[in-house]
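Structure assessment
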Amino acid sequence: MTNLSHEVNTKILGTGIYLPEKIMTNFDLEKIVDTNDQWIYERTGIKSRRISSTEGGEFPTDMAEKASWKALQAAGLEPNDIDMIIFASVTPDQKLPNSASLLQQKLGITNKCASLDIAVACSGFVYGMNMANSFIKTGMAKKILVVGSEMLSTEVDWTDRSICILFGDGCGVAIVGQAEEGEASKIHATHLGSDGSGKEFFNQPVGGAIEPITETHLKERTHFMRMKGGEMFKVATRTLADNARVVLERSGKTLDDVDWIVPHQANIRIIETTAKLLGAPMEKMIVNIQDYGNTSAATVPIAFHEAIQDGRIKRGDLVLFDAFGAGLTFGATLLTY
Ligand code: ACO
């Protein structure tokens, strides 16, 4: 039984990432579609992205397995210490069974822990973190593996320059558990939401129950993701700024208290505009979009992990996760690492 006599705080115990070996640069893209490095870099901040092998070993649960071993090692845990897996992805290995269950088996977890998938696009990892926080605080679980793993390269139309330049593949994970009494680590405030009226801005209607993929879709290439870039851009900046304000207000903290903002990496101009709207210096924003593009649910945990590894984010720092995605889903987490 969990002792709930004192306040239970959630701590990130360990993180891990996996990025596919294949690097696709803007110059490589120039050979596929009518684009150029200067346009892509100036409009998006992206220089290259990673592309998963379709031969095997880099599908979403493969990447998640590799990232999870690193996180388990960082946390000093064994696979069977995990008592819940939350797997965020809109590009699962297969329709059934769910990715979290596949990952449970790959990691050799035999304790039959709860294993659930969430498909809320780019907000997926933040949704997972906030859900995990609730499970930890109520004592329903003690060690939760939260995963954001995506293979978007199979869902973009590589003949459409307006979209294929933006996305990449990758995975980031975090293991969360209870902080020891007296430790500073804590999730101070969470925020989750969605606005279904924005469904036309970013979607992939073909391939579901209403419209299964047919020969015609394949011929006309209408089964891929579709995005209204300009509309998404406007919503994104407003949403990221609002998210941040909500968690700051809920926690009674100010932007000055925040050491690092880890925003969803969709476009450097979205990140810059968000910083401006908030009045935050760009030095506080963790940015790695130049290397990986938009990896949807994986951007926040990858950027977070890299900033821990290179020494920017340290224990005791106040960190803000801030995301938005198709749906339009959105969410933020304010935590002391
Ligand atoms: N290379 C060269 N030219 C291009 C390319 C390209 N890859 N793509 C578009 N162009 C052209 C267009 O055809 C257009 O030409 P025209 O003026 O002759 O018509 C011109 O460049 C400008 O196109 P815009 O679409 O207006 O370019 P914009 O500055 O809006 O940038 C972009 C487009 C990068 C997609 C931007 O709108 C954006 O980043 N939007 C948000 C994306 C986003 O939020 N994604 C996240 C989705 S949610 C999630 O993460 C899951």
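Structure first, text after, so check above.
A brief look at the structure comes next. (Residues numbered from 1 in each chain as written. Predicted model: local features only at pLDDT ≥ 70, side-chain atom pairs only at ≥ 80, totals over all residues. Heavy atoms only, no water.)

1. Side note on the state of the cysteines
- Following the criterion strictly, the structure yields zero disulfides and no others.
- The thiol of Cys-113 is unpaired, and the distance to the nearest cysteine sulfur, on Cys-171, comes to 16 Å.
- Among the cysteines around Cys-171, which has no disulfide bond, Cys-122 carries the closest sulfur, lying 15 Å off.
- For Cys-171, a relative accessible area of 0% corresponds to the buried category. (Disulfide = S-S within 2.5 Å. Buried < 20%, exposed > 50% of the residue type's maximum accessible area, 1.4 Å probe, protein only.)

2. As for the pattern of salt bridges
- Inspection of every chain in the model, using the stated rule, returns 11 salt bridges.
- For the salt bridge of Lys-31 with Asp-28, the shortest nitrogen-to-oxygen distance reads 3.7 Å.
- Residue Asp-28 is classed as partly exposed on the basis of its relative accessible area of 26%.
- As a salt-bridge pair, Asp-242 and Arg-245 come within 3.2 Å of each other at their nearest N and O atoms. With Asp-242 and Arg-245 both in helix H8 (residues 229-251) and three residues apart, the pair spans about one turn of that helix. (Salt bridge = Lys/Arg side-chain N within 4 Å of Asp/Glu carboxyl O. Helix = DSSP H or I, 4+ residues; strand = E, 2+ residues; numbered from the N terminus.)

3. Description of the packing of aromatic side chains
- A complete count under the given rule lists four aromatic pairs for this structure.
- Between Phe-304 and Tyr-337, the ring centres sit 5.5 Å apart and the planes meet at 85°, which makes this aromatic pair edge-to-face. Of this pair, Phe-304 sits in helix H11 (residues 299-309) while Tyr-337 sits in the segment after strand E13 (329-336), placing them 33 residues apart in sequence.
- With relative accessibility at 0%, the residue Phe-304 sits in the buried group.
- When its relative accessible area of 10% is taken as the criterion, Tyr-337 is described as buried.
- These aromatic residues form a ring-pair network of at least three members: Phe-125, Phe-304, Phe-321 and Tyr-337.
- Sitting over the ring of Tyr-41, Lys-47 keeps its end group 4.6 Å from the ring centre.
- Geometry around Tyr-18 places Lys-66 over its ring, the cationic atom sitting 5.0 Å from the centre. (Phe/Tyr/Trp six-rings, centres within 6.5 Å; stacked < 30°, edge-to-face > 60°. Lys NZ or Arg CZ within 6 Å of the ring centre and 35° of its normal.)

Nothing here speaks to function; it is all geometry.
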